[in-house]
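Here's the letter readout for the chains.
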Amino acid sequence: MTILDKIVARKKTEVAEAKARVTIQQLEEYPLFSRICYSLKESIEHPQRTGIIAEYKRASPSKGIINGKSTVQEVVQGYQSAGASAISVLTDQDFFQGSLADLTAAREVLQLPLLRKEFIIDKYQIAEAKAFGADIILLIAACLTPAEVESLSIYAKSIGLNVLLEVHNEEELQRSIFNSIDAIGVNNRNLKDFSVSLDHSYDLVNKIPNRFIKVSESGISDPHTIRDLKKRGFQSFLIGENFMKTVDPGEAMKNFVGELKN
Ligand SMILES: O=P(O)(O)OC[C@@H](O)[C@@H](O)c1c[nH]c2ccccc12
């Protein structure tokens, strides 16, 4: 059993438990649910922003604890001032030590699109994402059938969310493209064995149709890499650990962006 299989199995139980506590109809009554979402595309095209989607990640299955001290609000405010185009917050508890409370805390201090970073397998988690403050959801092709990618993305669009599809290889990409998707991210990390290689981004960029925002995800730690990815056609870059492993992630991003401009 791969780690991804374990996470997905756990998600099925979690979603069943959550549904027993709060129904989807009740989520639709939450105050944040009726909000108008920020557009990911507009924020990425904003001339004063960097294209970076900066992530708040306390821990991960591959690294264990990354940062147990910095609070979500201080970090995402730092990211926002440093020029992030969007913010990603992990909400998985068991493997990443995140929560929906982290998502709402981030929402309170942000004027940027906010991604619920989660292993989504059920429409219910998409309603939760909106109800707790997200503007963007992630659909991971590796754990969804094409029919699921289609129906989940259509539901997300129907409640005004932006949809980021994550792929790791060409087969996942070709089977998962639908018009209800806004952005396609190439995960440089293999979720089955955690190996990281930017070659995944380089190999897939020209196979992604230009109508989608192209995002390169994971393992980015050098401003030169961003320049290179941009030249090859990416508009956006998802970075977590490189900032989170420092004592002041917002400051680390500010310095990184400073180098990017030189
Ligand atoms: O910390 P990194 O290597 O900069 O990676 C960030 C982000 O891409 C990574 O956390 C991620 C990409 N896809 C995911 C899916 C689930 C959980 C986490 C992820």
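Residues numbered from 1 in each chain as written. Predicted model: local features only at pLDDT ≥ 70, side-chain atom pairs only at ≥ 80, totals over all residues. Heavy atoms only, no water.

### Notes on the layout of surface pockets
In this structure, the largest pocket occupies an estimated 490 Å³ of space. Lining the largest pocket are 33 residues, with Glu55, Lys57, Lys117, Arg189 and Ser218 positioned closest to its centre. For the lining of the largest pocket, the secondary structure elements donating two or more residues are helix H1 (3-21), strand E6 (136-140), strand E10 (236-239) and helix H11 (241-244). Sort the elements by how many residues they give to the lining of the largest pocket and H1 lands first, with three residues. Its volume calculated, the second largest pocket comes out at about 370 Å³. Along the walls of the second largest pocket sit 22 residues, with Glu14, Ala18, Arg21, Leu100 and Glu128 positioned nearest its centre. For the lining of the second largest pocket, the secondary structure elements donating two or more residues are H1 and helix H6 (123-131). Take the lining of the second largest pocket: its biggest share by element is seven residues, from H1. Each residue belonging to the lining of the second largest pocket can be placed in one class, and the counts come to eight nonpolar, four polar and ten charged. (1 Å grid on protein atoms, 1.4 Å probe; cavity = no way out; pocket = protein on both sides within 12 Å on 5 of 7 lines; lining within 4 Å. Points joined across faces, edges and corners; volume = space filled by probe spheres on them. Helix = DSSP H or I, 4+ residues; strand = E, 2+ residues; numbered from the N terminus. Nonpolar A, V, L, I, M, F, W, Y, C, P; charged D, E, K, R; others polar.)

### Some remarks on the site of the ligand
In the region of the ligand, 16 residues are neighbours, and Glu55, Glu166, Arg189, Gly240 and Glu241 sit closest. Contacts to the ligand include Asn187, whose side-chain N or O atom sits 3.2 Å from a nitrogen atom. Between the ligand and Ser218 there is a distance of 2.8 Å, counted from an oxygen atom to a side-chain nitrogen or oxygen. When the ligand sits alone it has 440 Å² of accessible area, and the protein chains cover 98% of it. Of the pockets mapped on this structure, the ligand occupies the largest pocket. (Near = heavy atom within 4 Å. Polar contact = N/O pair within 3.5 Å; in protein donor to acceptor, adjacent residues only side chain to side chain. Areas by Shrake-Rupley, 256 points an atom, 1.4 Å probe, with all protein chains shown as cover. Sits in = over half its atoms within 2 Å of the grid points.)

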